[in-house]
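Given next are the chains, with one letter for each unit.
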Amino acid sequence: MYKIMIIEDDITIAESLSAYIEKYNYEVFIVRQLEKIMDEFNEYKPDLILLDVNLPIYDGFFWCREIRNISSLPIIFISARTGDLEQIYAMDNGADDYIVKPFVLDVVIAKINANIRRAYGDYSNLTKERILNLKDLSLYCEAFILKNRDREVRLTKKEVELLSLFIENHPKVISREELLRALWDDEMFVEENTLNVNITRIRKRLTEVDARFLIESVRGVGYRLVEVE
Amino acid sequence: MKLFIKHHISFIVLFILVFICLGFTIEVLGGIENNFKYFVFLSFFLLFIFLAIKYFRNYRIYNAFSNKPKELKEILLHNPKSALEEAFSQNQREYFKIFNNKILELESIQKQYKMFIDQSIHQMKTPLSVISMISQKNGEDESFKKVLAQVNNLDYHLSQTLKFLRLSDIEKDIQIEKINLRALVVEVINDLKDFFILNAIYPSVNIDEDIFVFTDKKQIKNVIYQITNNGIKYGRKDSKLIFDIKSDIGNTILNITNDGIGIVSSDIDRVFDIFYTGENGRTYGESSGVGLYIVKKVLDLLSHHISIKSIPNEKTTFSIYF
């Protein structure tokens, strides 16, 4: 398990971040003694650091330089400053990435994952096939395959994105917004009918594998996966 | 009194010259009766020389009085010659000092205000992050969803304030480079992804890959961001926000068109005025009247023209001329 060290003077932020990151299979350590960062660093030996810029005594840039003297681990800055200058300064002081407050938690996780992957090149841990199971239904997120007992069907990437949301959150209703966010493509975005088209496709896939589940629409809210009696 | 005498001493000299020296000379030459014309000519000649000297010694002051000043420093008179000029220059220099001190004082107060606002906005971002994070974790809860939406709204207004604060410093760090317009628009759209989805507006980009413009990337991104943000905010649910390009003679025009409430024609000319919120502002109550002001200011600095066409309750197009 990779170890992440959080250096942040606002304890609420540090704790909430820590709680969220731990859900993604990381071990997290919050530095409490901000004047002894180097001691804590040497003792804990983290694999990645989340570092706030505004810290008491010395700022984040200082600590980043200090850490850089002895380690090349990934350091991600977290700061309220949006200016280019600050970001450039952070990078010049040895940072690998920069996140602006207020941040989106999923972005923080994505950046941690990316930096861990880049630094340790250890794909085995992360690319291990993610398989989601629900009763007889199995979704192979990397192989793009949906299986129900002995029947299986190939899916598109978007269908996998949607189905994994449904399976992970079963039996909760998933809002249109959340589904659209999952479907959003950075180059093609989404269109009016993107969601409808994909929902229709998933319904078809589920019948193709004879699944005992179907997708029900909830007026004005979104959709949910329900078990057929 | 001293200055008055100094300034008029030449009159006394002239009088003495004309009536005593000239009078005496004429007397010696044979009396005023025979040389009257000569006397008149000589005294006028002396008057002329006197005025000429007077003019050359004082013309700076006359110029200063008759020209409309453009800068504060023009108040200073350089190389004063006459007593009057000297006194005037001295006096103006004192005024200049007072004004300058006043201005420096105000500038430093303004700088402090700016720093304070900048500082406190950044301070606010930490609690805002905490609220945002807590709301994100409770994403399924309807109340937290509303909290998150409000947090985003707050964050938008805080950024707006920061942009406004920096407006006066933009000029110093404008960097013109060749920008791929499509890539830039796509970047803005992805930044506003959540806002698009939340409002059920769908972006549509019809810009070729090979369109480039010369401009400042960061500033023009702010401009497009603002217009896009408005396009979403005032757009109709389930409609499209269209980005396309028109080529005019030597001009690339970026059109951003939304389908929504539009702007009434009486408001169009004034939407770029600061704090002007118009009818939409009154109805929606959420606009600050700063966004488009910043847009116009920045575009003026970059010397890009902007125009708006709108049909109320139908659509609005913002056009940026690169």
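To be clear, the structure that these remarks concern was listed above.
Since we're looking at a predicted model, the values are computed, not measured. (Residues numbered from 1 in each chain as written. Chains lettered and ligands numbered in written order. Predicted model: local features only at pLDDT ≥ 70, side-chain atom pairs only at ≥ 80, totals over all residues. Heavy atoms only, no water.)

Asks: With reference to specific residues and values, describe the nonpolar core.
Replies: In this structure, A:Leu146, B:Ile224, B:Leu254 and B:Ile320 are the most contacted members of the largest nonpolar core, which totals 77 residues. Excluding residues that lie within four positions of it along the chain, A:Leu146 makes contacts with A:Leu137, A:Ser138, A:Leu139, A:Arg151, A:Glu152, A:Val153, A:Leu155, A:Leu163, A:Arg205, A:Leu206 and A:Val209. If you look at the next biggest cluster of nonpolar residues, it comprises 24 residues, including A:Ile4, A:Tyr20, A:Ile99 and B:Val130. (Core = buried A, V, L, I, M, F, W, Y, C linked by side-chain atoms within 4.5 Å. Buried < 20%, exposed > 50% of the residue type's maximum accessible area, 1.4 Å probe, protein only. Contact = heavy atoms within 4.5 Å.)

Asks: Break down the pattern of salt bridges for me, citing the residues and quoting the values.
Replies: The tally for this structure, following the rule as stated, stands at 31 salt bridges over all chains. Residues B:Arg182 and A:Glu187 are paired through a salt bridge, measuring 3.2 Å at the closest nitrogen-oxygen approach. Here the residue B:Arg182 occupies a position in helix α5 (residues 181–191), and A:Glu187 occupies one in the loop between α8 (176–183) and α9 (194–208), the pair thus bridging two chains. Between B:Arg236 and B:Asp259 there is a salt bridge, with its nearest N and O atoms 3.0 Å apart. With B:Arg236 in the loop between α7 (217–233) and β4 (239–248) and B:Asp259 in strand β5 (residues 251–259), the pair connects residues that are 23 residues apart, well separated along the chain. B:Arg236 sits in the partly exposed class, given a relative accessible area of 38%. Salt bridges sharing partners connect three or more residues here, namely B:Glu187, B:Asp191, B:Lys217 and B:Lys221. (Salt bridge = Lys/Arg side-chain N within 4 Å of Asp/Glu carboxyl O. Helix = DSSP H or I, 4+ residues; strand = E, 2+ residues; numbered from the N terminus.)

Asks: Got a sec to walk through α9(A)? Specific residues and values, please.
Replies: Side chains three or four residues apart in an α-helix point the same way, a direct result of the helix having 3.6 residues per turn. If you check α9(A), its first and last C-alpha atoms are 21 Å apart, about what 15 residues at 1.5 Å a residue would give, namely 21 Å. Looking one or two residues beyond α9(A), the residue adopting positive phi is A:Asp210, at roughly 65°. (Expected span 1.5 Å × (residues − 1).)

Asks: Could you give an account of the environment of B:Pro312, naming the residues involved and the relevant values?
Replies: All names here are of chain B. Mapped onto the elements of the fold, Pro312 is located in the loop between β6 (305–311) and β7 (315–321). Distance in space between the C-alpha atoms of Pro312 and Ser265 is 8.1 Å, their sequence separation being 47 residues. Leaving out residues up to four positions away in the same chain, Pro312 has contacts with Ile261, Gly262, Ile263 and Val264.

Asks: Explain the packing of α7(B) against helix α10 (residues 291–301) of chain B residue by residue, including any values.
Replies: All names here are of chain B. Two numbers describe how α7 lies on α10: the axes approach to 10 Å, and their chain directions differ by 150°. One way to sum up the angle between α7 and α10 is to call them roughly antiparallel. Crossing of α7 against α10: the hand is left-handed. Mapping the contact onto sequence places Gln219, Ile220, Val223, Gln226, Ile227 and Asn230 in α7 and Gly291, Leu292, Val295, Val298 and Leu299 in α10. (Axes fitted to C-alpha atoms, helices over the stretch in contact; angles between N-to-C directions. Parallel < 35°, antiparallel > 145°, perpendicular 65-115°, else oblique. Left-handed = near helix turned anticlockwise from the far one by under 90°.)

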